[in-house]
Amino acid sequence: MSEAILATLNKQQLAAATDDTHNILLLAVPGSGKTTVIMARLAFLCFERGVQMHETLNLTFSTSSARDMEQRFNQLFPSAQQLPHFQTIHSLAFGVINTYGSIFKRPVFKVLSHNASIISRLAREIWGEYKSEEEIEGYLQQLSRAENLMLTAEQIADGDFLKLQAAYKGYKIQEGLMDFDDMLKYAEQLLLKYPQLYQKILGKIRYIQVDEAQDTSLLQHRLLQLIAQNKRMFMVGDEDQSIYGFRGAEPKYLLEFEKIYPNSLILFLEINYRSGTVLVEKSSSFIKQNQSRKPKNMQGFSERVGIVQELVFTELSEQYSYLCQELMRKSEHCTMAVLYRNNESAVPLVNALLEQGLDFTLREHKNSFFQHFLVQDTLAFLRLGQDSSDGNAFQNIYYKLRIGLKKIQVENMEDSRKAGENVFDALKHLPELEPWQKKQINKLKRDFMSLGQKKPLAALSYLEHQLGYGEHLSYLKEHGYWYEGLHHKLNCLRSIAASCCTIEAFQGRLKLLEDTIATGGINRGLNPVVLSTVHSAKGLEFDQVYLLDLLAGVFPSSTSLESLVLGDRQAYEEEVRLFYVAATRAKESLTILTSVKANGVELENSVFIQQFLGNSGLTGSLVRGMRVEHQKFGQGLIIREEKDKLTVVFGNGKEKILSKEWCVEKQLLKILP
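Enquirer: Help me understand the overall build of the protein, please; the structure alone is not making it clear to me.
Expert: Check the secondary structure of the protein and you find 32 helices and 23 strands. Its C-alpha atoms give the protein a radius of gyration of 28 Å, near enough to 26 Å, the size a compact globule of 673 residues would have. If you line up the protein on its principal axes, its C-alpha atoms span 90 × 70 × 55 Å. Across the 673 residues in the protein, those meeting the buried criterion constitute 53%.

Spelled out as structure tokens, the structure:
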């Protein structure tokens, strides 16, 4: 029964599918048919080698992937008497825990699947203040990452976070609950402690298949190593597509395969059947700048050359108009996706699609953009500009107004303020105000009256420059906030504001966008365009892919570039892998959209664009974020580019300002990968 599928395999695929004597790590480039190989291997083991399906353990990354795998096998072998079962590693761990409870007649913890409200309450109890939805999401990510990397308190070295971690662990134990990370930890502990449990669940297993192995963390790899004792491990993945570092996944676990599993082989699938030859060549060249990887030579199979292009627009808003026009021209059978680094990039695009009445679907329904403090601050400024008696709005932003008020003073003002009284008039009655504060209060009263009369786009500029919010953002930058990310959010707000005539319309538009995104878009069954972060698009493919918002400091992030200067490549290499994943989703065409300005303000685009496209001409290629080597000063990183001037930080930490034209003319600089 397996002969038909084996006959369709290339040499590399066939070698992987038919080797049942080694522990194998199969490193598969994008579009190389890894799922077909997994199906063929199962068929070979069961139909040719006499292995029973219940003697195989088949693990994959998600429940949807497990379901797809089972359906794929059924389609390929409809007459098979035995069918494989695919499951996630969490499903396996849950089964271990439940079996333990059944064998030993012990109660087991219940699963805590929605823990955001718990973390919110615990954080409020620890710090005495409400945390935003975005902050809670960050805590959840930190908690999970710490568990998956198996970090000790000494490694974490963050007293505040350790308090939250301890409170969360205590709460779960007290309530008899476990989260998904606990499942993995408890399963490993139980299998180690009770050999009879291991024997009951895994004793008959002879062959293990693990898909998407690059997405597994240290904790997951530990569990895999334990269950693979005296069994044949077949691990499929691609360290070049490891993009879940925030969950604790790292490519180094794959690269250590030979040390962990004896009698092992590393095999490769290097033929990309998905993309045109130009895209394959550029993607292969781009990823080779990374060091934490096995050398591969990705080759194209298709006779299609394909399209890889950069389109440059004068204004950011023009790219949304262009995408709408492209969608209108799209054929019914063509699949199209717009990919971006961060969720907020979808917001102004959704705004444009709604205006044109076009269908779209979003891979992520939860968008933290609307709960971000910058967006909430902006709305509070505008509400206070419309209604100077809005005490709630004032309390949200008073400490960002350069007014020098303490929290107790604002609370006292609110307690004594008459209904409907202007907050600025009420502030004047506070005792012990300095003369400069009284002067600032009078100025703010006038400024907010002026703010309320402006059109949305002008109002955003006014609150940033006239009301001092821009200075507040600069202050945040000095205290570790991601400045480029904040300005990216501002640009998204400006794009929406530009399409609204009144502040009321702008506020209503934001609410409409939030509601539309929460429902996943508008899909009337007409093969809509897919809007997705690169993370959520992993594993998918589309005829046409458009990459949006490839901005300096955003993609790659400024923090990853700063770490690179200090010699730490880990974060930067994950950004490279993320771009590689984005590019290799495309089958027919990849279009990179860039803009010169956003609402009149010049933009600086990502260094990845020229790295990927391989544009000739050194002068144009010397941009922020690029690593270079100077004949005299050695290796460094370009941190600023202004006309002919380059500011470069070299290995000794010293900054040098260089003439771009002189360096090119005298061949003083060499671009490093």
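Let us keep going from here.
Enquirer: Mind showing me how you'd approach the sheet that holds strand S22 (residues 655-659) here?
Expert: Read across the sheet, 5 strands follow the order S22-S21-S20-S19-S23 without closing on themselves; strand pairing throughout is antiparallel. At either margin of the open sheet sits one strand with a lone partner, and together these are S22 and strand S23 (669-671). Put simply, the sheet's adjacent strands are angled 40° from each other on average, direction ignored. As judged from the 4 bridges shared by strand S19 (residues 627-630) and strand S20 (residues 634-642), these two strands associate in the antiparallel manner. By the bridge assignment for S20, histidine 630 is matched with glycine 634.

Enquirer: Help me understand a nonpolar patch on the surface in this model?
Expert: Taken together, Phe94, Val111 and Phe180 make up a surface patch of nonpolar side chains, about 220 Å² in accessible area. For phenylalanine 180, the location among the structural elements is in helix H10 (residues 180-193). The exposure class assigned to phenylalanine 180 is partly exposed, which follows from its relative accessible area of 39%.

Enquirer: Teacher, can you tell me more about the packing of helix H18 (residues 373-386) against helix H26 (residues 503-518) here?
Expert: To characterise two packed helices, one gives the angle between the axes of the helices and the distance between these axes. It is the contact of H18 with H26, at a shortest axis distance of 11 Å, that shows an interaxial angle of 145°. Crossing handedness for the pair H18 and H26: left-handed. Each of Leu379, Leu382, Arg383 and Gln386 in H18 lies in contact with H26, whose residues at this interface are Ile503, Glu504, Phe506, Gln507 and Leu510. A class-by-class count of the residues in the contact of H18 with H26 yields 5 nonpolar, 2 polar and 2 charged.

Enquirer: Could you clarify how one ought to interpret empty space enclosed by the protein in this entry?
Expert: Over the atoms rolls a probe the size of a water molecule, and in doing so it shows where empty space is left. Under the criterion given, the structure shown has 2 cavities of 30 Å³ or more. Roughly 40 Å³ of internal volume is contained in the largest cavity. In terms of lining residues, the largest cavity is bounded by Val29, Asp240, Ser284, Ile287, Lys288, Arg293, Lys296, Met298 and Tyr580. Among the residues forming the lining of the largest cavity, the class breakdown is 4 nonpolar, 1 polar and 4 charged. For the second largest cavity, the full set of lining residues is Leu316, Gln319, Asp549, Leu550, Leu551, Leu593, Thr594, Ser595 and Asn605. Here the lining of the second largest cavity gets 3 residues from one element, more than from any other, and that element is strand S17 (residues 586-598).

Enquirer: Help me understand helix H9 (residues 159-175), please; the structure alone is not making it clear to me.
Expert: Note on helix geometry: an α-helix contains 3.6 residues per turn, so any two residues three or four positions apart are oriented the same way. Here H9 is 17 residues long and its end C-alpha atoms lie 24 Å apart, about the 24 Å a rise of 1.5 Å per residue gives. Within H9, burial applies to Phe161, Leu164, Gln165, Tyr168, Tyr171 and Lys172. The arc that holds the buried residues of H9, viewed along the axis, is 130°, so those residues lie on one side. H9 presents Lys163, Ile173 and Gln174 as exposed residues on the side facing more than 90 degrees away from its buried surface. Against helix H6 (116-127), helix H7 (133-148), helix H8 (153-156), strand S5 (177-178) and H10 lie the buried residues of H9. One side-chain oxygen of the residue at the start of H9 lies 3.2 Å from the amide nitrogen of aspartate 160, identifying that residue as aspartate 158. The positive-phi residue at the C-terminal boundary of H9 is glycine 176, with phi of around 65°.

Enquirer: Sorry, what's going on with the nonpolar core here?
Expert: Grouped burial of nonpolar side chains is what soluble globular proteins tend to show. Grouped together as the largest cluster of nonpolar side chains are 74 residues, with contacts concentrated most on Phe394, Phe448 and Leu531. Once residues lying within four places of it in the same chain are set aside, the contact partners of leucine 531 are Val338, Tyr340, Leu349, Val350, Leu353, Phe360, Thr361, Leu362, Arg363 and Glu364. The next biggest cluster of nonpolar side chains, apart from the first, holds 49 residues, and it includes Phe286, Ala537, Val576 and Val628.

Enquirer: Would you take a moment to explain the packing of aromatic side chains for this structure?
Expert: For any pair of aromatic rings, geometry is given as the distance between the ring centres together with the angle between the planes. All chains considered together, the criterion is met by 30 aromatic pairs. An aromatic cluster of three or more residues is present, and its members are Phe381, Phe394, Tyr398, Tyr399, Phe424, Phe448 and Tyr469. Sitting over the face of the ring of phenylalanine 555, arginine 341 holds its NZ or CZ atom 5.8 Å from the ring centroid.

Enquirer: Looking at this model, I keep getting lost on the sheet that holds strand S2 (residues 56-60). Mind explaining?
Expert: Sheet strands pair via backbone hydrogen bonds, and the direction of the pair is either parallel or antiparallel. In space, the 6 strands of this open sheet follow the order S3-S2-S6-S7-S1-S8, with parallel pairing throughout. Where the open sheet ends on each side, the last strands, each with one partner, are strand S3 (86-88) and strand S8 (264-269). Taken over all neighbouring pairs, the strand axes of this sheet differ in orientation by 20° on average, direction set aside. The pairing of S2 with strand S6 (residues 207-210) spans 4 bridges and is classified as parallel. Along S6, the bridge assignment pairs leucine 59 with valine 210. Docked against the sheet, helix H2 (residues 11-18) engages strand S1 (23-28), strand S7 (232-237) and S8, running at close to 145° with respect to S8. Sheet strands touched by helix H4 (residues 63-76): S2 and S3. Its angle to S3, the strand with the most contacts, is close to 175°.

Enquirer: How do you make sense of unusual backbone geometry when you look at a structure like this?
Expert: Residues apart from glycine generally show negative phi values, whereas peptide bonds are mostly found in trans. Here phenylalanine 555 and proline 556 are connected by a cis peptide whose omega angle stands at 5°. Structurally, proline 556 is set in the loop between strand S16 (542-547) and helix H28 (558-565). At asparagine 230, a residue that is not glycine, the phi angle is positive and equals roughly 60°. Summarising the element assignment, asparagine 230 is placed in the loop between helix H12 (218-227) and S7.

Enquirer: Explanation requested: the pairing of strand S21 (residues 645-650) in the structure shown.
Expert: Residues in a regular strand point their side chains to alternate faces of the sheet. The buried fraction of S21 amounts to 5 of the 6 residues, a majority that puts the element mostly inside the structure. Looking at chain direction, S20 and S21 are connected through 6 bridges and run antiparallel. Note that in S21 the partner of arginine 640 across the bridge is threonine 647. A loop of 2 residues connects S20 with S21, the two strands running antiparallel in sequence, and lysine 643 in this loop sits at a positive phi of about 55°. Relative to S22, S21 runs antiparallel, the two being bridged by 5 bridges. What sits directly across from leucine 646, in S22, is leucine 658.

Enquirer: Looking at this model, I keep getting lost on the pattern of salt bridges. Mind explaining?
Expert: Side-chain pairing between opposite charges can occur once the charged atoms of the two side chains come close. Overall, the coordinates contain 37 salt bridges when judged by the stated rule. Across the pair aspartate 20 and arginine 49 runs a salt bridge whose closest N-O atoms are separated by 2.9 Å. Pair noted here: aspartate 20 is in the loop between H2 and S1 and arginine 49 is in the loop between helix H3 (34-48) and S2, with a separation of 29 residues, a long-range link. Taken together, the shared-partner salt bridges in this structure form one network comprising Glu147, Lys169, Lys172, Asp179, Asp182 and Lys185.

Quick notes on the rules
- Residues numbered from 1 in each chain as written.
- Predicted model: local features only at pLDDT ≥ 70, side-chain atom pairs only at ≥ 80, totals over all residues.
- Heavy atoms only, no water.
- Helix = DSSP H or I, 4+ residues; strand = E, 2+ residues; numbered from the N terminus.
- Rg over C-alpha atoms; globule rule 2.2 N^0.38 Å.
- Buried < 20%, exposed > 50% of the residue type's maximum accessible area, 1.4 Å probe, protein only.
- Pairing = 2+ DSSP bridges.
- Axes fitted to C-alpha atoms, helices over the stretch in contact; angles between N-to-C directions.
- Patch = residues over 30% accessible without salt bridge, like charges linked within 9 Å, V, L, I, M, F, W, Y side chains within 5 Å.
- Areas by Shrake-Rupley, 256 points an atom, 1.4 Å probe, with all protein chains shown as cover.
- Salt bridge = Lys/Arg side-chain N within 4 Å of Asp/Glu carboxyl O.
- Left-handed = near helix turned anticlockwise from the far one by under 90°.
- Contact = heavy atoms within 4.5 Å.
- Nonpolar A, V, L, I, M, F, W, Y, C, P; charged D, E, K, R; others polar.
- 1 Å grid on protein atoms, 1.4 Å probe; cavity = no way out; pocket = protein on both sides within 12 Å on 5 of 7 lines; lining within 4 Å.
- Points joined across faces, edges and corners; volume = space filled by probe spheres on them.
- Expected span 1.5 Å × (residues − 1).
- Arc of directions from axis to C-beta.
- Polar contact = N/O pair within 3.5 Å; in protein donor to acceptor, adjacent residues only side chain to side chain.
- Core = buried A, V, L, I, M, F, W, Y, C linked by side-chain atoms within 4.5 Å.
- Phe/Tyr/Trp six-rings, centres within 6.5 Å; stacked < 30°, edge-to-face > 60°.
- Lys NZ or Arg CZ within 6 Å of the ring centre and 35° of its normal.

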